[in-house]
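Read off the chains here:
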Amino acid sequence: MSSEIAAIEVEGLNFAYGQEHILHDLQVSFPEGDLAAIIGPNGAGKTTLLNCVNGLIRPSSGRIRLHGTDIGDLDAKQRARLVGAVPQEFHIPFAYRVREIVALGRSPHLDFWGSLTEVDERTIDEALFETETLEFQSRRFNELSGGERQRVVVAMALAQRPRVLLLDEPTTHLDLAHEIEILNLVRRVNREQQVTVVACKHDINLAAAFFNRLLVIHDGRLVADGDPAKVLTRELMADVFKIQADVVMDPTTGSPRVA
């Protein structure tokens, strides 16, 4: 293992809802700048793992470190300065404008009075620019298309200036064009800002095409981890996903594709 401190370290992680055990002794590390997708059947424990890393739920046992610091030693504001999250769905009851939504990402950095500084305003501008949402910053969030709304949510997470970005099925309910748009955005942010990205993905082929590393969780256990070309095999598809399928190399993307 590298001597460098990992962005995320998970050691012996267990989680249970009552008597129902969801995660079993997970051991995994994400180096800084990683671009990783977690795949697996429904109910495998993917979202639970992200929620543990984000501090939304407390594991039954085990340790999680963010850039070398135990997550239990960080309060909510400190965690939010390190980790940005993009959920499956984001709803807001009020008619906020896009810029107001993105400004929420600066909350962990504000003083007691909650006033935005010049630095905050500049960071919001940068997040809007990076996600190509600057042109409609004055529009109402709830009036946007699904793809536009999701880009705004990503902008809000980026406005935190996190070192880790967690995405839980960030393209759910989007058509293919908007889905690819969001994934290209995430990949660009990872490449240009060296933000560590960990995403849960249902679509195996898109996960293989857009992420450098695939982790497979099955019944709460990590059963495969590595380069998509090595992880995706006929045997894995049969054992984990219970389907008989061929895995071929896509001549366009150069990534493996389940056919």
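Details of the structure are given in the entry above.
What you see is a predicted model; the values in this text were computed from it and never measured.

Visitor: What's the story with helix H6 (residues 176–193) in this structure? I'm lost.
Guide: Think of an α-helix as 3.6 residues a turn; residues three or four steps apart then line up on the same face. Between its first and last C-alpha atoms H6 spans 26 Å; for 18 residues at 1.5 Å apiece the expected length is 26 Å, and the two agree. Within H6, burial applies to Glu179, Ile182, Leu183, Leu185, Val186, Val189 and Asn190. Buried residues of H6, viewed axially, fall in a sector of 150°; they line one side. Residues of H6 that are exposed and angled more than 90 degrees away from the buried face: Leu176, Ala177, Arg191 and Glu192. Residues of H6 that are buried make contact with strand S3 (35–39), helix H4 (118–130), helix H5 (146–159), strand S7 (164–168), strand S8 (196–200) and helix H7 (204–210). Looking one or two residues beyond H6, the residue adopting positive phi is glutamine 194, at roughly 55°.

Visitor: What should I look at first to understand the packing of H5 against H6 in this one?
Guide: Between H5 and H6, the least distance of the axes is 9 Å, while the angle of their chain directions is 15°. Taken together, the axes of H5 and H6 lie roughly parallel to each other. Handedness of the H5/H6 crossing: right-handed. Packed against H5, whose contacting residues are Gly147, Gln150, Arg151, Val154 and Leu158, the element H6 presents His178, Glu181, Ile182, Leu185 and Val189 at the interface. Across the contact of H5 with H6, the residue classes break down as five nonpolar, three polar and two charged.

Visitor: Mind showing me how you'd approach the environment of arginine 257 here?
Guide: Structurally, the position occupied by arginine 257 is in strand S12 (residues 256–258). The spacing of arginine 257 and leucine 206 is 51 residues in sequence and 8.6 Å in space, taken between C-alpha atoms. For arginine 257, the residues in contact, after removing those within four places along its chain, are Asn205, Asp246, Val247, Val248 and Asp250.

Visitor: Which parts of the structure should I look at to understand the packing of aromatic side chains?
Guide: Aromatic rings in a pair are described by how distant their centres are and how their planes are angled relative to each other. Considering all chains together, one arrives at three aromatic pairs under this definition. When the ring of phenylalanine 15 is compared with that of tyrosine 17, the centres are 4.7 Å apart and the planes differ by 80°; the resulting orientation is edge-to-face. Relative to tyrosine 96, the ring of phenylalanine 94 lies with its centre 6.1 Å away and its plane at 85°, an arrangement referred to as edge-to-face. On the basis of relative accessible area, phenylalanine 94 is assigned to the exposed category, the value being 55%. Since its relative accessible area comes to 30%, tyrosine 96 is described here as partly exposed.

Visitor: What am I meant to see in the sheet that holds strand S2 (residues 20–30) here?
Guide: Whenever strands of a sheet pair, they do so through backbone hydrogen bonds, lying parallel or antiparallel. The antiparallel open sheet is built from four strands, whose spatial order is S2-S1-S4-S5. Edge strands, defined here as strands with exactly one partner in the open sheet, are S2 and strand S5 (69–70). As judged from the two bridges shared by strand S4 (residues 61–66) and S5, these two strands associate in the antiparallel manner. Bridge pairing in S5 places leucine 66 opposite threonine 69.

Cut-offs applied
- Note on numbering: residues in each chain are counted from 1, in written sequence order.
- Residue-level local features of this predicted model are given only where pLDDT is at least 70; pairs of side-chain atoms are given and counted only at 80 or more, and the full residue set underlies all totals for whole chains, interfaces and linings.
- As a rule here, side-chain values cover all heavy atoms of the structure and leave hydrogens and water aside.
- Strands are runs of DSSP state E lasting at least 2 residues, helices are runs of H or I lasting at least 4, and numbering of each runs from the N terminus.
- Helix span, expected: 1.5 Å multiplied by one less than the number of residues in the helix.
- A 1.4 Å probe rolled over the protein chains alone gives each residue an accessible area, and that area as a share of the maximum for its type sets the label: buried under 20%, exposed over 50%, partly exposed in between.
- Directions from the helix axis toward the C-beta atoms define the arc.
- Whether two residues touch is decided by their heavy atoms; if any such pair falls within 4.5 Å, the residues are in contact.
- Each axis is a line fitted through C-alpha atoms, and for a helix only the stretch in contact is used; angles between axes span 0 to 180 degrees, taken between their N-to-C directions.
- Here is the rule for angles: anything less than 35 degrees is roughly parallel, anything more than 145 is roughly antiparallel, 65 through 115 is roughly perpendicular, and the remaining ranges are oblique.
- Should the near helix be turned counterclockwise from the far one by less than a right angle, the crossing is left-handed, whereas a clockwise turn marks it as right-handed.
- The classification used treats Ala, Val, Leu, Ile, Met, Phe, Trp, Tyr, Cys and Pro as nonpolar, Asp, Glu, Lys and Arg as charged, and all other residues, Gly among them, as polar.
- Aromatic contacts are taken between Phe, Tyr and Trp rings whose centres are within 6.5 Å, Trp giving its six-membered ring; a plane angle under 30 degrees counts as stacked, one over 60 as edge-to-face, and the others as tilted.
- In this scheme, strands are said to pair when DSSP sees at least two bridges between them.

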